Amino acid sequence: MKHTFGLIAATLLFSAAAQAQTKWDLPAAYPATNFHSVNLATFAADVDKATAGKLKITVHPGASLFKAPEIKRAVQGGQAQIGEILLAAYQNEWQMFGADGLPFLATSYADSMKLYNAQKPILQKKLAEQGMTLLYAVAWPPQGIYSKKPVTSAADLKGSKWRAYSPATSRIAELVGAQPVTVQAAELSQALATGVVESNMTSGATGVDSKLYEHLKYYYDVQAWLPKNAVIVNKKAFDALDKPTQDALLKAGADAEARGWAASQKVNTDTLAILKTNGMVVEAPSAALKADMQKVGDTMVKEWLEKAGPDGQAMLDAYRK
């Protein structure tokens, strides 16, 4: 009998310890070496330390747990408690998600932060309706044009197989007469090696991650837009944490946001240098290419506003103040 009591006591103790520790999964779409993923790893370590191991977050980079387009739904449905998404990829679901993917609207880090501040309250409201909360967001470096051949104006992109990763990047292809091909970041090298893609628009960071210099020769630093990755949390999972753990999570998120934006700027400088070192021609766009792309941007902002309605107009007004 004594033995049974001992067993029950041990079991109870064990389950209390198990309850005391909460384990979360954080799916992410980019390689472990990408600055966003490195930032996530530091964030998870910060949470572990601040909660004395009460909340353990396991980061799953490189689309290893869920593919990029599945992450938001996974967090929403509670298959993952927290996840990192590219906001612009969800523009078809709700136009406001794509605000930072509008070409030539916000083209510097300062403007991008201003846009984020205008977008944030509207984003929070939408995510709350979907049972989630926005923990933090970090901008990618500015997007440029990669190409096999020289590009002096938009006409040079006509007919080329253009990698698209969001509704906006597909629309740019249509407007310049290129052929959009949807390819996720994890499959980009393969698509280039097999000739499925000949040109694309992405950051210097993705250019280095995917070794674009092995397949493409030119990079035009058009600084078209700075899309953001957002870390979102399942609201039920967040509400289930005790107050000190919630506070630790929010503090680690705020630190990750500040650290991420600083890292993005450093990565932008460093990666453009790496592209050059690996034989890529890195240039500012010609006046003609800049003017052509600005026209594309104006068209797309107009189209976006028609779909985004009063919410979109309110956000743009706040941004342009």
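So, here's what we can say about the structure.

Rules and cut-offs
- Positions within a chain are numbered from 1, following the residues in the order the chain's sequence is written.
- The predicted nature of this model means local features are confined to residues of pLDDT at least 70 and side-chain atom pairs, given and counted, to a pLDDT of 80 or more, with totals for whole chains, interfaces and linings taken over all residues.
- Side-chain measures were taken over the full set of non-hydrogen atoms in the model, leaving aside hydrogen atoms and water.
- Strands here mean DSSP runs of E at least two residues long; helices mean DSSP runs of H or I at least four residues long; both are numbered from the N terminus.
- In this scheme, a helix's expected span is set at 1.5 Å multiplied by one less than its residue total.
- The classification of residues rests on relative accessible area computed with a 1.4 Å probe and restricted to protein chains. Under 20% of the type maximum is buried, over 50% is exposed, and intermediate values are partly exposed.
- Any two residues whose heavy atoms approach within 4.5 Å are treated as being in contact.
- Centres within 6.5 Å make a pair out of two Phe, Tyr or Trp rings, where for Trp the six-membered ring is used; the pair is then stacked when the planes are under 30 degrees apart, edge-to-face when over 60, and tilted otherwise.
- In our convention, an over-ring charge means Lys NZ or Arg CZ found within 6 Å of a ring centre and within 35 degrees of that ring's normal.
- Definition of nonpolar core: a set of buried residues of the types Ala, Val, Leu, Ile, Met, Phe, Trp, Tyr and Cys, connected through side-chain atoms within 4.5 Å.
- Two strands are counted as paired when DSSP detects at least two bridges linking them.
- Between the N-to-C directions of two axes lies an angle of 0 to 180 degrees, each axis being a line fitted to C-alpha atoms and, for a helix, fitted only over the stretch in contact.
- In protein, a polar contact means a hydrogen-donor-capable atom and an acceptor-capable atom, both N or O and within 3.5 Å, with residues adjacent in sequence counting only if both atoms are side-chain atoms; elsewhere, any N or O pair within 3.5 Å suffices.
- Orientation categories follow fixed angle ranges, with anything under 35 degrees roughly parallel, anything over 145 roughly antiparallel, 65 to 115 roughly perpendicular, and all other angles oblique.
- Note on convention: the crossing is left-handed when the near helix lies turned anticlockwise from the far helix by less than a right angle, right-handed when the turn is clockwise.
- Gly falls in the polar group here, along with every residue not listed as nonpolar (Ala, Val, Leu, Ile, Met, Phe, Trp, Tyr, Cys, Pro) or charged (Asp, Glu, Lys, Arg).

**Observations concerning helix 10 (residues 287-320)**
In an α-helix, one turn spans 3.6 residues; hence positions three or four apart end up facing the same way. Look at helix 10: only 25 Å from first C-alpha to last across 34 residues, short of the 50 Å you get at 1.5 Å a residue. Among all positions of helix 10, only Leu 289, Met 293, Val 296, Gly 297, Met 300, Val 301, Trp 304, Ala 308, Gly 312, Met 315, Leu 316 and Tyr 319 are buried. In this fold, the buried residues of helix 10 make contact with helix 4 (109-129), strand 5 (143-147), helix 5 (167-176), strand 8 (199-203) and strand 9 (218-220).

**Comments concerning the packing of aromatic side chains**
Applying the stated criterion to the full structure yields eight aromatic pairs. Relative to Phe 97, the ring of Trp 94 lies with its centre 5.0 Å away and its plane at 80°, an arrangement referred to as edge-to-face. Of the two residues, Trp 94 and Phe 97, both sit in the buried class. Centre to centre, the rings of Tyr 218 and Tyr 220 are 6.3 Å apart; their planes meet at 10°, and the pair counts as stacked. Taken individually, Tyr 218 and Tyr 220 each receive the classification buried, so the pair is uniform in this respect. Here the aromatic residues Tyr 30, Phe 35 and Trp 140 are joined through ring pairs into a cluster of three or more. If you follow Lys 114 out to its NZ or CZ, it ends over the ring of Tyr 319, 5.6 Å from the centre.

**A word on the nonpolar core**
Soluble globular proteins tend to pack their nonpolar side chains together in the buried interior. Counting 86 residues, the largest nonpolar core has Trp 24, Phe 43, Ile 57, Ile 82, Met 201, Leu 249 and Met 315 as the members making the most contacts within it. Per-element tally for this core: the top contributor is helix 10, with 10 residues. Apart from residues no more than four positions distant in its own chain, Met 315 is found in contact with Met 96, Ala 99, Leu 115, Ala 118, Gln 119, Ile 122 and Trp 304. If you look at the next biggest cluster of nonpolar residues, it comprises 16 residues, including Leu 188, Leu 212, Tyr 219 and Leu 275.

**Some thoughts on the sheet that holds strand 6 (residues 161-164)**
Read across the open sheet, the six strands follow the order 7-6-8-5-9-11; overall the sheet is mixed. The open sheet has two edge strands, strand 7 (179-182) and strand 11 (281-283), and neither has a second partner. Ignoring strand direction, the axes of neighbouring strands in this sheet form an average angle of 30°. As judged from the three bridges shared by strand 9 and strand 11, these two strands associate in the parallel manner. What sits directly across from Tyr 220, in strand 11, is Glu 283. Contacting strand 6, strand 7 and strand 8, helix 5 crosses the sheet at an angle of about 160° to strand 6. Sitting on the sheet, helix 9 (residues 243-277) is in contact with strand 5, strand 9 and strand 11, with an inclination near 140° to strand 11.

**Here's the deal with the side chain of Ser 199**
Mapped onto the elements, Ser 199 comes out in strand 8. For Ser 199, a relative accessible area of 1% translates into the label buried. At 2.9 Å, the side chain of Ser 199 forms a polar contact with the side chain of Ser 160. With residues near it in sequence (within four places) discarded, Ser 199 still touches Tyr 146, Ser 147, Leu 157, Ser 160, Lys 161, Trp 162 and Arg 163.

**So, the packing of helix 5 against helix 10**
Put simply, helix 5 and helix 10 touch, their axes get as near as 10 Å, and they point 125° apart. When the axes of helix 5 and helix 10 are compared, the pair comes out oblique. Helix-helix and strand crossings are classified by hand; for helix 5 and helix 10 the assignment is right-handed. Listed contacts from helix 10 to Ala 168, Arg 171, Ile 172, Leu 175 and Val 176 of helix 5 are Met 293, Val 296, Thr 299, Met 300 and Glu 303. Looking at the contact of helix 5 with helix 10 residue by residue, the classes come out as seven nonpolar, one polar and two charged.

**Notes on the environment of Met 113**
The topology assignment puts Met 113 in helix 4. In this structure, the C-alpha to C-alpha distance between Met 113 and Gln 265, residues 152 residues apart in sequence, is 12 Å.

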